[in-house]
Every structure is written in structure tokens, then in C-alpha cells.
Amino acid sequence: MIKFFRRIRQQLLKENNLSKYLLYAIGEIVLVVIGILIALQINNWNQENKESLVEKQRYQNILNDLVSDEANIDKMMVDLIQKQDLHYYLYQISQNNGKPDSTINVSRINSALELNLITGKNQLTELEFIKDLQIRREVNAYVKLENAALSDAERLEDNIKNKVRRYFQEINAVKIDKIYVPERYDNKSVKDPLDIDIISNHFEDSDFKNVLINLKMSTANTLNTLGALKEKNKILQTILSDKQ
């Protein structure tokens, strides 16, 4: 092809046809420029395609984290709702509105489930690389709400570990014979080490009432924040799924 155009130029020069030569030269330059522009456009297309794939993968990573978070949020909410039932049960029998039920595991009041959420930890440093401003805003809003939920859950956990457990230890409600028996040395969890009969002797104590009040408030706060976070989680999952 190059030899072909070279022969044309040489022929025009031999014919001393300057005007045709100039037109040919200009045409050749135009063709070269067009070729360069096409090459640049192809390169841009390739680059945009690569960036689009990277962006979609980033969305998929966020989506995976959200799915994991949703499962942990559901697990935590189920646990807290069951805890609310237990708190209300203790309140009811403390008001002489019910009798102790031996099938209810009172010791669960001492359990503190840790909330494990990963979207904020994994995606906070990725926010600045998200090109879609709407998604960036939505992820940022989700991370802020996630941090609020983690703070509420941490306060609830601290309340249980440092106040509730200490209270039941102080009133000697822990059944030591349920902990130190031969079959317990295999490190299995103790089913019900709290003695409801001992606890019932303190129903009128202000400390017992404060324990239930604090549990009621901190559990409700955590559940409300988790409920809002779950709703935000579903919305963000829908937005990201539509981008796939």
C-alpha cells in the first residue's frame, strides 16, 4: 500500500503537476489524521470498557458485602427480638402477672451477640473511586448508618457485659452447681446458670428495675437502628443490581 502511494507521488512529480501533487499530499495527510483519530477512539473505547468493567466489579464487591451484612443484621434482629420477649417475661413475673416458666432460658439475658458488619470496613476507602455520584452518596449514607448501628450494638453489649452480668453476680443469682459439675469440664456452654428463684427475691429492688429499664432502652434503640439499616441495605442492593 505504501509503495502504491509512493508511485503515485513520483508519477505526479514526473508530470510536474504541482497542484495535483499538493491535493494528493493534503489528502494523504487527512487520511493519516483520520487514521490517528480512529486509533485514538478505539483506544478510548478500550479504556472506557476496562474502566466500566472495573466499576462493575466494584459494584459487585459492594453488593457482596451488603448481602453478608443483611444476613448478620437479620441474625442480630432475631436475637434482640427474642431478648425483648425475655425482658418482658421477667417484667411480667416481677409484677405478679405470670409464673416462672422452667422452659425459658433466663440466662440468655446475660448473652451479648456481637454485630459483625463489613461494608463500611471494606468500602470506605473505595468511595472516592466510585464514579456514579448517586451510588457514592448512597454508599456513604449506608456506611454512616452502619456506624450508628455498630455504636448502638456496642453500647448494648457493654451494658450486658458490664452491668447486667455484674448485677446478677452481685445478687448471687449464678448457679455455681450448674457450672462446676463433672460433665461441664468439656467446655460446653452452660444452659441456664441463673437461678430464677434468687432473682425473684429482688423483683422489688430498684437495681433490678434499672437493669430491665436499661435493657429495654438499649435493645429498642439497637433494633430501631438495625431496622433502618436493613431498609437502606435493601435499597442499595436494588440500585447496585440495576447497574450490573
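The coordinates are above.
Let us look at the structure shown here. Predicted model only: the values in this text are computed from it and were never measured. (Residues numbered from 1 in each chain as written. Predicted model: local features only at pLDDT ≥ 70, side-chain atom pairs only at ≥ 80, totals over all residues. Heavy atoms only, no water.)

Some remarks on the overall build of the chain
What the chain contains, in helices and strands, is seven helices and zero strands. The order of α-helices and β-strands along the chain, N terminus first, is α-α-α-α-α-α-α. Here the chain, with 244 residues, has 32% of them falling under the buried criterion. Residue pairs in contact within the chain that sit at least 24 positions apart in sequence constitute 77% of those at least 6 positions apart. Total accessible area computed for the chain in this model is approximately 15800 Å², and 54% of it derives from carbon and sulfur atoms. (Helix = DSSP H or I, 4+ residues; strand = E, 2+ residues; numbered from the N terminus. Buried < 20%, exposed > 50% of the residue type's maximum accessible area, 1.4 Å probe, protein only. Contact = heavy atoms within 4.5 Å. Areas by Shrake-Rupley, 256 points an atom, 1.4 Å probe, with all protein chains shown as cover.)

Section: the packing of helix α4 (residues 133–170) against helix α7 (residues 206–242)
Between α4 and α7, the shortest axis-to-axis distance is 9 Å and the interhelical angle comes to 160 degrees. The angle between α4 and α7 places the two elements in the roughly antiparallel class. The two elements α4 and α7 cross, and the hand of that crossing is left-handed. The residue inventory of the contact of α4 with α7, partitioned by class, reads 21 nonpolar, nine polar and five charged. (Axes fitted to C-alpha atoms, helices over the stretch in contact; angles between N-to-C directions. Parallel < 35°, antiparallel > 145°, perpendicular 65-115°, else oblique. Left-handed = near helix turned anticlockwise from the far one by under 90°. Nonpolar A, V, L, I, M, F, W, Y, C, P; charged D, E, K, R; others polar.)

Quick word on the pattern of salt bridges
Any two side chains of opposite charge can pair, given that their charged atoms come close. With the rule as written, the count across this model stands at eight salt bridges. We note a salt bridge from E55 to R58, for which the minimum N-O separation is 3.1 Å. Of this pair, E55 and R58 both sit in helix α2 (residues 18–94), three residues apart, which is roughly one turn of the helix. For D79, the salt bridge identified is with K83, shortest N-O distance 3.5 Å. (Salt bridge = Lys/Arg side-chain N within 4 Å of Asp/Glu carboxyl O.)

As for the packing of aromatic side chains
For the coordinates displayed, the defined rule picks out three aromatic pairs. Centroid distance Y167 to F168: 5.3 Å. Interplanar angle 65 degrees. Geometry classified as edge-to-face. A relative accessible area of 6% places Y167 in the buried class. Residue F168 is classed as buried on the basis of its relative accessible area of 1%. (Phe/Tyr/Trp six-rings, centres within 6.5 Å; stacked < 30°, edge-to-face > 60°.)

Some words on the side chain of N110
With respect to the helices and strands, the residue N110 is situated in the loop between α2 and α3 (119–123). The exposure class assigned to N110 is buried, which follows from its relative accessible area of 14%. Beyond its immediate chain neighbours, meaning those up to four positions away, N110 contacts I160, V164, R165, F168 and L194.

What about a negative patch on the surface?
On the surface, a cluster of negative charge is contributed by E170, E204, D205 and D207. Here E204 is to be found in the loop between α6 (196–200) and α7. What makes E204 exposed here is its relative accessible area of 60%. (Patch = residues over 30% accessible without salt bridge, like charges linked within 9 Å, V, L, I, M, F, W, Y side chains within 5 Å. Lys, Arg positive; Asp, Glu negative; His and termini not counted. Charge placed at Lys NZ, Arg CZ, Asp CG, Glu CD.)

Things to note about the environment of S107
For S107, the location among the structural elements is in the loop between α2 and α3. A sequence separation of 67 residues divides S107 from V174, and the C-alpha atoms of the two residues are 9.0 Å apart.

Details of the nonpolar core
Membership of the largest hydrophobic core comes to 45 residues, with the highest contact counts inside it found for L90, I109, V139, F168, I199, L226 and L240. For this core, the secondary-structure elements that each account for two or more residues are α2, α4, α6 and α7. Sorting elements by how many residues they give to this core places α2 first, with twelve residues. (Core = buried A, V, L, I, M, F, W, Y, C linked by side-chain atoms within 4.5 Å.)

Coordinates in, geometry out; function isn't part of it.
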